[in-house]
Amino acid sequence: MSKMVTLSIDGRSVTVPENTLVVDAAKMNGIDIPVFCYHPKMKPVGMCRMCLVEIGRPMIDRATNQPVLEDNGSPKIQFSPKLETSCTTPVSEGMVVLTRNDKVEAARKEIIEFILTSHPLDCPICDKGGECPLQNLTMRFGSKEGRFLFDEKMHLAKHVPLGELIWLDRERCIQCARCVRFQHDVVDDPVLDFHNRGRSLEIMTFSEPGFGSYFSGNTTDICPVGALTTADFRFGARPWEMKPAASLCAQCPVGCNLEYTVRREAKSGGATVIKRALPRQNESVNEIWICDKGRFGYHYTQDPARLGQPLVRRDGELVPVTFEEALKIIAEKAAHQPFQILAGGKLSTEDLAALRGLAQESGGKAWLHTYMSGGFTPHYGLSADANLGALGQGDAVLVAASDLHEEAPIWWLRVKQAAERGAALIVMNPRPTRLKKYARHVIRYAYGEESLAVAAMAEENLALAGEEIRAAAETLKSARNLVIFYGSEGLGLTGSKGLEQALADLLERGGFTGRENSGLIGVWHAPNLQAGFELGLPPAEGLADLPAGGVLYLAAADPAGDDPRQAAYFSGREFVIVQDLFLTESAKLADVVLPVLAYTEREGTFVSGERRLQRYYPALAARPGLKADFALTALIAKSLGYELEGRAASLALEKLAASQPAFEGLNYLKLAEVHEQWPQVGGSDLYYGGTSYANRQGLGKHLSRAAKPEPDAAPLREGIRDVPKNALRLVPHTRLYDAGSTFAPSRLLDQRRARRQLRIHPRSAEPLGLQQGSQALIELEGAPFTAEIVLDETIPGGTALYPRSLGVPMNAPFHAVVKPVFDKSAS
Amino acid sequence: MLTGLWQTLKSVFEKPVTISYPEEKRPVRPRFRGRHVLTRYENGLEKCIGCALCAAACPADAIFVEASENTDEQRYSPGERYASTYEINMLRCIYCGFCEDACPTEAIVLGDNYELSFTDRHQAIYTKDILLVPVPEGGKPTPQSVEPGKYDRAVPEMKDPAD
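Thresholds, definitions, all that
- Residues numbered from 1 in each chain as written.
- Chains lettered and ligands numbered in written order.
- Predicted model: local features only at pLDDT ≥ 70, side-chain atom pairs only at ≥ 80, totals over all residues.
- Heavy atoms only, no water.
- Helix = DSSP H or I, 4+ residues; strand = E, 2+ residues; numbered from the N terminus.
- Rg over C-alpha atoms; globule rule 2.2 N^0.38 Å.
- Buried < 20%, exposed > 50% of the residue type's maximum accessible area, 1.4 Å probe, protein only.
- Contact = heavy atoms within 4.5 Å.
- Pairing = 2+ DSSP bridges.
- Axes fitted to C-alpha atoms, helices over the stretch in contact; angles between N-to-C directions.
- Left-handed = near helix turned anticlockwise from the far one by under 90°.
- Arc of directions from axis to C-beta.

A. Spotlight on the overall build of chain A. Per the secondary structure count, chain A includes 21 helices and 39 strands. Taken against the 2.2 N^0.38 rule, which gives 28 Å for 827 residues, the C-alpha radius of gyration of chain A at 29 Å falls within 12% of a compact globule. Across its three principal directions, the C-alpha atoms of chain A cover 95 × 70 × 70 Å. Residue burial in chain A is summarised as follows: out of 827 residues, 61% are buried. Sequence separation of at least 24 residues holds for 72% of the intrachain contacts in chain A that already meet a minimum separation of 6.

B. Highlighting the sheet that holds strand E38 (residues 814–816) of chain A. All names here are of chain A. With respect to topology, seven strands assemble into an open sheet ordered E38-E33-E37-E34-E36-E35-E39, the strand pairing being mixed. Only two strands of the sheet have a single partner each, and these edge strands are E38 and strand E39 (818–820). Looking at each pair of strands side by side, their axes are set apart by 40° on average, direction ignored. Looking at chain direction, strand E35 (residues 775–778) and E39 are connected through three bridges and run antiparallel. Each bridged residue has a counterpart across the sheet, and for Ile778 the counterpart in E39 is Val818.

C. The arrangement of the packing of helix H8 (residues 349–362) of chain A against helix H19 (residues 649–659) of chain A in detail. All names here are of chain A. The geometry of H8 relative to H19 is characterised by a closest axis approach of 9 Å and an angle of 60° between their N-to-C directions. H8 and H19 meet at a crossing whose hand is left-handed. Contact residues: Thr349, Glu350, Ala353 and Arg356 in H8; Ala649, Ala652, Leu653 and Leu656 in H19.

D. Inspection of the pairing of strand E37 (residues 799–803) of chain A at higher detail. Residue and element names in this part refer to chain A. Counting buried positions along E37 yields five of five residues, so the element is predominantly enclosed. Of the two faces of E37, the one holding Thr799, Leu801 and Pro803 and the one holding Ala800 and Tyr802 are both buried throughout. Sheet topology places strand E33 (residues 728–733) next to E37; five bridges connect them, and they run parallel. When the sheet's bridge partners are listed, Leu730 is paired in E37 with Ala800. Alignment of strand E34 (residues 757–760) against E37, held across two bridges, turns out to be antiparallel. Residue Ile760 lies in a different strand from E37, and its bridge partner there is Ala800.

E. Inspection of the side chain of Glu534 of chain A at higher detail. With respect to the element layout, Glu534 of chain A can be found in helix H15 (residues 529–534). Apart from residues lying up to four places away in sequence, Glu534 of chain A is in contact with Pro378, Arg611, Gln660, Ala662, Phe663 and Leu703 of chain A.

F. Focus on helix H3 (residues 133–141) of chain A. Residue and element names in this part refer to chain A. All buried positions along H3 are accounted for by Pro133, Leu134, Leu137, Thr138 and Phe141. Seen from one end, H3 has its buried residues packed into an arc of 130°, which puts them on one side. Summarising the geometry of H3, the exposed residues directed more than 90 degrees from the buried face are Met139 and Arg140. The inward-facing, buried residues of H3 contact helix H2 (102–115).

G. The sheet that holds strand E25 (residues 519–522) of chain A, seen in detail. Residue and element names in this part refer to chain A. Strand order in the open sheet formed by five strands is E23-E22-E21-E24-E25, and the pairing between neighbours is parallel. The outermost strands of the open sheet, each flanked by one partner alone, are strand E23 (441–443) and E25. Across this sheet, the average inter-strand angle for adjacent strands is 15°, counted without regard to direction. Direction of pairing for strand E21 (residues 396–400) relative to strand E24 (residues 482–486): parallel, over a ladder of five bridges. The residue of E24 that forms the bridge with Ala396 is Leu482. Against the sheet, helix H12 (residues 450–459) contacts E21, strand E22 (424–428) and E23, and its axis sits at roughly 145° relative to E22.

Structure follows, in structure tokens:
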């Protein structure tokens, strides 16, 4: 506990920790000091001068080093002759701060007037108008009339694209540098900077494409004026016209808290639609940030291609029918048949529980559609009040087989911050990633040998271990907490299983299991895979793992879309039901296709990779006739004579909590609990968090630790070892901007979307005749495909990296012959 | 009874207070608040910049505005923003004139047309095409293709704020 300091602010005696800034000390005690450039998540710079206050300190007699006393015995206060910036001044004992006297008020008025000298005051057409700190503070502290005529003001470009996502209005910029500092200090993507000085100062981006950062949208939130706006929302609506709805991001397992703001739209025929996604504060999950994938990735929920009516196969064609008819057909065909269910990680916890229930009742089995193994995370994962934000000096973070910056940017940010606070970061990856810069130990291994490397660290098998592994093992010995992230780079399900068990073993041997801030986190490819593992669903890479016969029921899973060869497994089934948002490749092969509500139109819960159970609320009204996944599954069960909870998501969770120990004691009310968070954002004082919303709808709760799983004999090496001489080993990696069905409809990011590229070391490429930028044919048996060649010296030899979710029909390592494709027109 | 008859007889020779509407129409007062119009500048550009302050001010929630972005090739109004959708539900409107007050560009004006009739509710929604005044003489219809940088200011300077 740090030392406490007592001072007086506006006559009130307050006690705050030492080194707190005056502006924060005031805020903690309910006194607002206006700011523009200061942001509690960044170091102060004192650029805008808005936070000027009068500060006095006790007078010290230089001769005696004792405080000088007034006649009445109180210490004599010496006020500095000029006002001081409260954002750069730390508190000191006995300090007297005055924030509301005439001198301060006059200074604020002058600063506002000074800032407005070159501000266009075009609030009526400004996207920030209505939630703008400059507007609010001008109304509160500014002068009623401006002495500067518009024609005498600076006239600058009003439409400067910083890339295609974020646009800059140079006239509105007040040069507070929040965006520049955010990019430099918070997310370490220094792609923005000031150019020139004084009146010529302007914000520039020098990346290609412009403003190349996965966090760029956050700058529009923290911009205290309307200088930075997103292309996605530009002129979309006025802030007061939109209704906010609390939700979660469904793009990755971090579980960032979001606020969707919705409004009726003429373009959509008068329907209410989501206009934008903004971060909702949760200091234990995403603080007040979200990545651009989460901000711009919601478009699929309102894509016109979504299914609106059930389809049934008649004479080989899928024809639209009513729900009653579809259920009747299911009741006829599926009666007394075991249900083999493949469920996707995009379903809510309640949906997965309902599917598991249906499988059990019918004598079948439910599987989780994933190429990652996570059966150990319910026991070894985080629980209780774990918080990545609390990791620091003395703790260790291990990131294995994951490029966190691409797979889960907010976790990357949290790990980076933990490392900056002093936590020892160990990065294990066959090639360098963005985390390398912050790592204390970097362990390189060959693709396929990740489990061996971990085992070496756990057992200190020095014969195998290199110097780095030994050093890392030494660090782990003295660590207080150990958080392990494991991803899926270069791994399929088999390799993932081996890695997971090796990492669990590492936690166990180090004695980390059961410690508050220690555990295993899977960097999943879907928002709610964790819930599937909590429910004990076994993972399945595809339909080959499911037993033949019976009814095949796919929910939010599209194996045929991922890999056309999976279509073979559809034949030989009595009946195939597909439940999805879109008419996927798998749906095209089904007997019955059932449309469902998007997660933005219903209630539900997701379990984040950190095992935090969080609630999302309906942002939009349910589409007429459609039902949520769990309700639909319950209806199917009912038509077959089984009883499942399908009335409300909250009841479904209560039922789950009664039977599943990890969920014990949790219900929707508990998940909606909030407590005060620092810094306070989203109030009437928009100047702190910008347009991040305060969290009033629930911070979520951690699941409790599940029983210890039985280890099975997992292989320590990924299967692909014996690569034929003329073939290449191809391993998967994940890119953030992929072409998955829930992200592809966000057309705005098309320019930045990763392409189907094969990354290969120049030395491996040369003998095969592959050149930078050329097309290559990968002769994968049954599903050959082409990809663009990218020469990359960081890729280990004999191996090529292919991206997931970009049309490559594989998710696991494989080997194949790679040949250049010669352009016929050129020859 | 005689007094009554005398009154009747007297009225016969008085000038009638009624007029034969609709052939004849009474002129409206200068500050009469009738059906809205969306005005234009002399060059034909629309005054409305799609700021939706009229919708915010409307106590009856009768106005719906959606904005889009101007370009110099496709310019509807000065500045960056114009109203791509502008609808007033005349059944909801209470003709209070708050929209007129809120408008920063004097684009929406309550005119002197009081002859509104509809046969169904959909007709009561007046769209932008109905509300916009015709292009003045010498002006061009919108969207216009204009020289870059000429119309970059959305809100005109107000000569006299009290006006």
